[in-house]
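Commentary on secondary and tertiary structure
If you want the building blocks of each chain, they are given just below.
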Amino acid sequence: MSNPVQFNCTVIRDGHQSLAATRMSTEQILPTLELLDSAGFGCLETWGGATIDSGLRFLQEFPFKRLDAIRARTKTPHMMLLRGQNIVAYSHLADDVVETFVRKSIEHGMNVMRIFDALNDTRNMRCAINATIKAGGHAQGTICYTKSPVHTTEKFIEMGVELEKMGCKSIVIKDMAGLIPPTTAAELVRGLKASVKIPVWIHTHDTTGLGASTYLAAIDAGVDAIDVSIVPFANGTGQPDAARMMSLLQGNPRRPTNIDSAKLEKLRDMYTVIYKDLGKFTSHANEVVDNDALKYEVPGGMLSNFRTQVKELKMEDKFEDVFAEIPVVREALGWIPLVTPTSQIVGTQAVMNVKFGRWKNFIPGAMDIALGYFGTTPAPVDPAVQKLAAEKSKKEPITCRPADLIKPAMEDLRKKLAEKKMPTDDEHCVIYAMFPQQLEELYFPPAPKPAAPEAPKAAATAPVAPRATVALSGKVSFVLGVNGAQHNVTVEEIA
């Protein structure tokens, strides 16, 4: 195996999502594109994940305009991360919405649709895969890597074989927490390469310090492509740096021959300026190897954000208890992987279990997972937990594909947008389906809040009040930030 490995660059999607809360604006991105496009990468990850949510919510950017602007200045193939039936939202959407989003994304220049499901339930990937194939795009089937008693190399390979049969043009091993050891990565790559005829890629994070060595092992095992980023939007909770990987591959027959190291250096200088501009969204804790991520086996973004959330809930003394509760929740919910949106749900449920007692505050998302509304879990849900979820939610468990219960929505979306005097094209309909409030605020910005009176000097050094508030009634409200996205969460005990 001497053919060069392909480098894909994630800097303008996962790079800043993992290290700068997804705050890089189109205006900041555009001046870097000429160099980035000519640096020798096989694919540029430019869209998807949290970029659409954050772009609307914080940058006041319409997502398709951002894609158009980037696409117009680049010839390198583009790829995006798509959450299967969720698209880039946090719950399942109607098939016609998924199909329309995929079709319009490809029309706007997207090439590779990296399609995953948080439970690895391929039924939830089928609609997006078929839509991609129909629209002439490259459907990439994703295996979300995780550790549990029911997740084995053999099971992951079986999933890869199924994805190939579904029509995927390639497969990617998505290691969202940076937990896959080099030997396991090599074993999985070799197993997939022996079992499928399509290319096998790998994506990891360097949160635990394993990323670069995992890539080296995967390359030696025959992986076709790896995801890298560019410093300072690299390493730590991001992907390993491209220049670093080039140095590690010195003398390796699979070292890429088309990567321009001089351009990588110039890009590093450009991105360093942007990183400094985004300083209030960056954190040293995300830039370094985090041994706690190995201990708790959760994504680095989830770990760093939950440290903050636990502190805001005045539960610092319960930090170990909260993270010890995560595998308890995972097991009860069928050993689900921890990736958006399940990472947010499991983490919040763990906090609730420690704060109020196990399952006393059963959050809606966790109940839906227990009842099958997210899909089939890797292992059976604890029967007692499922029964409790049914009682509290007044909903029955399901075994069908969840989206089979969702009616077509495009026509209704178009009517709603027309009523609100907003554009009714397909692009606006699919964005409104996922983020209605954010899209409305883009067109009709809320009136600015009156400035708060200046605090007296004596209070200038007082600690900032936490965002989380805990009332005596057992109701908890807080802002949950995970993987670059922020969610307002209110949980109240259900009798």
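Shown above is the structure to which this text applies.
First, a word on scope: everything that follows refers to the structure included in this document. (Residues numbered from 1 in each chain as written. Predicted model: local features only at pLDDT ≥ 70, side-chain atom pairs only at ≥ 80, totals over all residues. Heavy atoms only, no water.)

**Examining the sheet that holds strand 8 (residues 225-228)**
The pairing of strands in a sheet comes from backbone hydrogen bonds and takes either a parallel or an antiparallel form. Threshold: Strand pairing is assigned whenever DSSP identifies at least 2 bridges connecting the two strands. Every helix listed is a DSSP run of H or I at least four residues long, and every strand listed is a run of E at least two residues long, numbered separately from the N terminus. Here an axis means a line fitted to C-alpha atoms, over the contact stretch when the element is a helix, while the angle between two N-to-C directions is reported on a 0 to 180 degree scale. In what follows, residue pairs with any heavy atoms lying within 4.5 Å of each other are defined as contacts.
The parallel closed barrel is built from eight strands, whose spatial order is 1-2-3-4-5-6-7-8. Averaged over all pairs of adjacent strands, the angle between strand axes in this sheet comes to 30 degrees, irrespective of strand direction. Here five bridges tie strand 5 (residues 138-144) to strand 6 (residues 170-175), and the two strands are oriented parallel to one another. Bridge pairing in strand 6 links Q140 to S170. Helix 6 (residues 95-107) rests against strand 2 (43-48), strand 3 (78-82) and strand 4 (112-115) of the sheet, and its axis sits at about 160 degrees to strand 3. Lying over the sheet, helix 8 (residues 153-165) contacts strand 5 and strand 6, oriented at roughly 165 degrees with respect to strand 5.

**Observations regarding the packing of helix 6 against helix 20 (residues 426-434)**
Cut-off, in case you're wondering: Every angle not falling under 35 degrees, over 145, or within 65 to 115 is termed oblique; those three ranges are roughly parallel, roughly antiparallel and roughly perpendicular. By the definition used in this description, the sense in which the near helix is turned from the far one sets the handedness, with an anticlockwise turn below a right angle giving left-handed and a clockwise turn giving right-handed. Under the convention adopted here, Pro, Cys and the residues Ala, Val, Leu, Ile, Met, Phe, Trp and Tyr are nonpolar, Asp, Glu, Lys and Arg are charged, and Gly plus all remaining residues are polar.
It is the contact of helix 6 with helix 20, at a shortest axis distance of 9 Å, that shows an interaxial angle of 130 degrees. By the criterion of interaxial angle, the relationship of helix 6 to helix 20 is oblique. Between helix 6 and helix 20 lies a crossing whose hand is left-handed. In this structure, helix 6 contributes V97, T100, F101, R103 and K104 to the contact, and helix 20 contributes D426, E427, V430, A433 and M434. Looking at side-chain class alone, the contact of helix 6 with helix 20 contains five nonpolar, one polar and four charged residues.

**Points about the pairing of strand 1 (residues 6-9)**
Where strand 1 lies against strand 8, four bridges are found, and the strand directions are parallel. The partner of Q6 across the bridge, within strand 8, is A225.

**Looking at the side chain of R114**
Let me state the cut-off plainly: Throughout this description, buried means an accessible area under 20% of the type-specific maximum (1.4 Å probe, protein chains only), exposed means over 50%, and partly exposed covers the range between.
Looking at where R114 falls in the secondary structure, it is placed in strand 4. In this structure R114 comes out as buried when scored by relative accessible area, which is 2%. Not counting chain neighbours up to four residues away, the residues in contact with R114 comprise M79, M80, L81, L82, Q140, T142, V172, W201, H203 and D227.

**Side note on the packing of aromatic side chains**
Applicable threshold: In this scheme Phe, Tyr and Trp rings, the latter by its six-membered ring, pair at centre separations within 6.5 Å, and the angle between planes marks the pair as stacked below 30 degrees, edge-to-face above 60, and tilted otherwise. Over a ring means this: the NZ of a Lys or the CZ of an Arg is within 6 Å of the ring centre and within 35 degrees of the ring normal.
Scanning the entire structure with this criterion turns up 11 aromatic pairs. With centroids separated by 5.6 Å and ring planes inclined at 5 degrees, the aromatic side chains of W47 and F101 adopt a geometry described as stacked. Here W47 is found in strand 2, whereas its partner F101 is found in helix 6, with 54 residues between them in sequence. This pair shows no difference in class: W47 is buried, exactly as F101 is. Through pairs of rings, three or more aromatic residues link up here, namely W47, F62, F64 and F101. In this structure, R23 is placed above the aromatic ring of F58, and the distance from its NZ or CZ to the ring centre is 3.7 Å. K395 extends its terminal NZ or CZ atom over the ring of Y373, reaching a point 4.4 Å from the ring centre.

**Thoughts on the nonpolar core**
This is how it is decided: In these notes, a set of buried Ala, Val, Leu, Ile, Met, Phe, Trp, Tyr and Cys residues joined through side-chain atoms within 4.5 Å is what counts as a nonpolar core.
F7, L36, F41, F101, I226 and Y271 are the most contacted members of the largest nonpolar core, which has 96 residues in total. Apart from residues no more than four positions distant in its own chain, Y271 is found in contact with V11, I12, M24, T32, L36, I230, V231, P232 and F233. Within the second largest apolar cluster, 37 residues are counted, among which are Y296, V310, A366 and M367.

**As for helix 1 (residues 11-19)**
When you tally the buried positions in helix 1, you get nine out of nine residues, the bulk of the element. Looking only at helix 1, the buried set comprises V11, I12, R13, D14, G15, H16, Q17, S18 and L19. At the exit of helix 1 stands A21, carrying a positive phi of roughly 55 degrees.

**Concerning the state of the cysteines**
A disulfide bridge is the covalent bond that connects two cysteines by way of their sulfur atoms. How we decide: The criterion for a disulfide is a pair of cysteine sulfur atoms lying within 2.5 Å.
Scanning the model with the defined rule gives zero disulfides in all. The structure places no disulfide on C127, whose sulfur is separated from the nearest cysteine sulfur, that of C168, by 13 Å. Just so you know, C168 is unpaired, no disulfide at all, and the nearest cysteine sulfur is the one on C144, 13 Å from it. For C168, a relative accessible area of 4% translates into the label buried.

**Structural notes on helix 12 (residues 261-277)**
Selection rule: Multiplying 1.5 Å by the helix residue count minus one yields the expected span of that helix. Pairing of N or O atoms within 3.5 Å defines a polar contact, subject to two protein rules: one partner must be a possible hydrogen donor and the other a possible acceptor, and residues neighboring in sequence count only if both atoms are side-chain atoms.
Helix length check: helix 12, at 17 residues, gives a terminal C-alpha distance of 25 Å against a target of 24 Å (1.5 Å per residue), a fit within 8%. Structurally, helix 12 contributes buried residues whose contacts are with helix 1, helix 2 (26-29), helix 3 (33-37) and helix 11 (242-248). A side-chain oxygen of the first residue of helix 12 lies 3.1 Å from the backbone nitrogen of A262; this N-cap is D260.

**Overview of the pairing of strand 2**
Within strand 2, six of the six residues are buried, leaving the element largely enclosed by the surrounding structure. Here strand 1 pairs with strand 2 via two bridges, running parallel. Paired with C9 across the strands is L44, a residue of strand 2. Pairing geometry for strand 2 and strand 3, over four bridges, is parallel. Bridge pairing in strand 3 places W47 opposite M80.

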